[in-house]
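Listed here are the chains, written in short residue letters.
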Amino acid sequence: MKAGYFTEFGGPEVLQYGTVADPKLTTTGLIVKTQYIGLNYADIYRRRGTYHLEKQTPYIDGYEGIGEVVACGTAVQHVKEGDRVLFVDVPFANAELVAVPEARAIHVPAAISDQVAATIGLQGLTADFLAHDLAQNRAGDRVLIHGISGGVGNLLTQLLTADGVSVDGVASTTAKQQLAYAAGAHEVFLRHSDWAATHTNYFDTVFDGVGSTLPVSLAITRRRGRIVFYGMAGGNPPKVDPIDLMSGSKSLMTGDLWDFLTDETIRQARADRLFKAVLRQTIVPTTPTIYPLSAISAAHTALEQGQVAGKILLAP
Ligand SMILES: NC(=O)c1ccc[n+]([C@@H]2O[C@H](COP(=O)([O-])OP(=O)(O)OC[C@H]3O[C@@H](n4cnc5c(N)ncnc54)[C@H](OP(=O)(O)O)[C@@H]3O)[C@@H](O)[C@H]2O)c1
């Protein structure tokens with residue numbers, strides 16, 4: 001099969017596209033022929049060698065995709081050949097064929113297209129656990145999202161505003177600022193303005209998936225407020241002293257999606273909640289930018305340099 005892969009860590013230039021061995025079918029697994037593969041920021045961390053990664057040479061990045069089941073193991077019970085499944089936590093996804101454990105296959109309602117499911121999958125499930133498991137904001141709360149027009153930021157804005165939360169955010173360009181307003185944001189600050197100085201001890205919750213912004217997040221969170229730290233798209237955060245947190249009565253929360261997708265029932269239930277939000281138009285997904293899988297290196301460059309707002313999909 002064809003895949004995007006790398007044999008050494010580094011920048012987008014280490015990514016290659018070519019023929020690798022097909023994945024092996026296990027008794028409890030499926031082989032999925034991918035229609036779309038979701039590109040995520042964690043793929044960049046893995047390519048750089050700074051994040052957990054399944055050790056297999058060549059390294060095939062990616063954990064998210066949607067496609068058709070083309071083979072089923074003998075012990076598979078609830079999936080059959082020809083079914084359409086989404087997956088968000090399965091390694092070696094940057095490929096035409098992916099071995100997916102049956103338990104990690106998510107069924108998608110017929111009313112939701114492949115493109116929409118792949119656009120909201122991992123980022124939507126992330127936005128959902130950040131909002132509803134970690135922060136648990138109430139209507140009327142004031143929150144701020146760094147990187148508000150990114151994939152997670154956009155969906156998080158929509159979920160929170162649907163809950164009656166007032167969402168402010170930070171974006172790098174006026175075009176991205178407008179995207180965040182379209183998603184329901186109340187006020188969107190430009191990254192290089194001095195907005196933070198006038199918002200000390202202000203927000204009930206600050207969502208920080210940028211990382212290098214953590215000191216700002218600590219300063220703008222109100223006393224007894226929460227910082228939800230979930231990624232480092234802008235670089236690793238400096239160390240935080242818990243004594244400083246305590247003296248401001250501020251709490252730092254963290255989470256990784258995979259710790260909220262603990263079994264197949266929970267994974268499907270969380271995905272169904274997301275699909276319902278799309279069907280009710282509580283969430284309106286942005287139009288994805290699609291690159292052929294063969295252009296995986298260019299897709300990484302675009303994601304890393306912030307050239308694209310919203311989801312990037314790879315098409316085999
Ligand atoms: N914990 C989890 O389970 C989990 C799951 C999925 C994703 N994540 C994390 O969530 C974060 C967002 O992911 P995503 O998929 O939404 O990526 P994305 O669509 O590429 O969004 C990244 C965002 O980060 C912002 N950004 C990048 N560099 C920045 C910098 N130096 N300063 C300030 N902002 C910067 C960008 O802002 P502009 O667009 O304004 O340039 C962009 O909005 C990543 O850190 C990712 O690792 C965590």
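What counts and how
- Residues numbered from 1 in each chain as written.
- Predicted model: local features only at pLDDT ≥ 70, side-chain atom pairs only at ≥ 80, totals over all residues.
- Heavy atoms only, no water.
- Salt bridge = Lys/Arg side-chain N within 4 Å of Asp/Glu carboxyl O.
- Helix = DSSP H or I, 4+ residues; strand = E, 2+ residues; numbered from the N terminus.
- Buried < 20%, exposed > 50% of the residue type's maximum accessible area, 1.4 Å probe, protein only.
- Phe/Tyr/Trp six-rings, centres within 6.5 Å; stacked < 30°, edge-to-face > 60°.
- Lys NZ or Arg CZ within 6 Å of the ring centre and 35° of its normal.
- Contact = heavy atoms within 4.5 Å.
- Domains from an automatic or database assignment.
- Buried area = accessible area lost by both parts, 1.4 Å probe.
- Pairing = 2+ DSSP bridges.
- Axes fitted to C-alpha atoms, helices over the stretch in contact; angles between N-to-C directions.
- Near = heavy atom within 4 Å.
- Polar contact = N/O pair within 3.5 Å; in protein donor to acceptor, adjacent residues only side chain to side chain.
- Areas by Shrake-Rupley, 256 points an atom, 1.4 Å probe, with all protein chains shown as cover.
- 1 Å grid on protein atoms, 1.4 Å probe; cavity = no way out; pocket = protein on both sides within 12 Å on 5 of 7 lines; lining within 4 Å.
- Sits in = over half its atoms within 2 Å of the grid points.
- Core = buried A, V, L, I, M, F, W, Y, C linked by side-chain atoms within 4.5 Å.

## Quick look at the pattern of salt bridges
One pass over the full model with this rule turns up eleven salt bridges. Linking glutamate 304 and arginine 48 is a salt bridge whose minimum nitrogen-to-oxygen distance equals 2.8 Å. A residue pair is termed long-range when its members are at least 10 positions apart, and glutamate 304 in helix H8 (residues 296-304) and arginine 48 in helix H1 (residues 41-48) qualify at 256 residues. Residue glutamate 304 is classed as partly exposed on the basis of its relative accessible area, which comes to 23%. For glutamate 64, the salt bridge is made with lysine 311, and the minimal N-O distance between the two is 2.8 Å. Pair noted here: glutamate 64 is in strand S4 (residues 64-72) and lysine 311 is in the loop between H8 and strand S15 (312-315), with a separation of 247 residues, a long-range link. According to the relative accessible area criterion, glutamate 64 is buried, its value standing at 0%. A single salt-bridge network, built from bridges that share partners, covers Asp128, Asp133, Arg270 and Arg273.

## A short note on the packing of aromatic side chains
Going through the model one piece at a time under the given rule, you end up with nine aromatic pairs. Ring centres of phenylalanine 6 and phenylalanine 9 lie 6.0 Å apart, and the angle between their planes is 55 degrees; this geometry places the pair in the tilted category. Following the ring pairs from residue to residue traces out a cluster consisting of Phe6, Phe9 and Tyr59. The ring of tyrosine 202 carries arginine 142 above its face, with NZ or CZ at 3.9 Å from the centroid.

## Re the environment of leucine 122
With respect to the helices and strands, the residue leucine 122 is situated in helix H2 (residues 114-135). We classify leucine 122 as buried; its relative accessible area is 15%. Residues leucine 122 and isoleucine 112, spaced ten residues apart in sequence, show a C-alpha to C-alpha distance of 15 Å. The contact partners of leucine 122, leaving out residues within four places of it in the chain, are Asn40, Glu64, Val88 and Leu257.

## Observations concerning the domain arrangement of the protein chain
Considered domain by domain, the protein chain is made up of domain 1 (2-119 + 262-315) and domain 2 (138-254). Computed over C-alpha atoms only, the centres of domain 1 and domain 2 are separated by 28 Å. Taken together, the contacts link eleven residues of domain 1 with eleven residues of domain 2. Buried surface at the junction of domain 1 and domain 2, summed over both partners, amounts to about 960 Å²; 65% is from carbon and sulfur atoms. Taken together, domain 1 and domain 2 are joined by zero salt bridges.

## Things to note about the sheet that holds strand S8 (residues 142-145)
The strands that make up a sheet pair up through hydrogen bonds in the backbone, lying either parallel or antiparallel. Read from one edge of the open sheet, six strands run S10-S9-S8-S11-S12-S13, paired in parallel fashion. Edge strands, defined here as strands with exactly one partner in the open sheet, are strand S10 (187-190) and strand S13 (251-254). Averaged over all pairs of adjacent strands, the angle between strand axes in this sheet comes to 20 degrees, irrespective of strand direction. Pairing geometry for strand S12 (residues 221-229) and S13, over four bridges, is parallel. In the sheet register, phenylalanine 229 faces S13, and the bridge partner there is threonine 254. Set on the sheet, H2 makes contact with strand S11 (203-208), S12 and S13; between it and S12 the angle comes to about 135 degrees.

## Brief notes about the site of the ligand
Around the ligand lies a shell of 26 residues, among which Gln123, Gly151, Val152, Gly209 and Leu257 are the nearest. Between an oxygen atom of the ligand and a main-chain N or O atom of glycine 209, the distance comes to 2.7 Å. Between the ligand and the protein, one listed contact pairs an oxygen atom with a backbone N or O atom of methionine 232 at 3.2 Å. When isolated, the ligand has an accessible area of 920 Å², and the protein chains bury 86% of it. Assessed atom by atom at 2 Å from the grid points, the ligand resides in the largest pocket. Elements with a minimum of two residues in the shell around the ligand: H1, H2 and helix H3 (151-162).

## Brief notes about the nonpolar core
In this structure, Leu130, Leu156, Leu160 and Phe207 are the most contacted members of the largest nonpolar core, which totals 45 residues. Sorting the residues of this core by element identifies H2, S8, H3, strand S9 (166-171) and helix H7 (264-279) as the ones contributing at least two each. If one sorts the elements of this core by residue count, H2 sits on top with eleven residues. Excluding residues within four positions of it along the chain, phenylalanine 207 makes contact with Leu130, Ala135, Asn137, Val143, Leu144, Ile145, His146, Leu156, Leu160, Val228 and Tyr230. Judged by nonpolar contacts, the second largest core, of 29 residues, contains Phe6, Leu30, Ala105 and Ile296.

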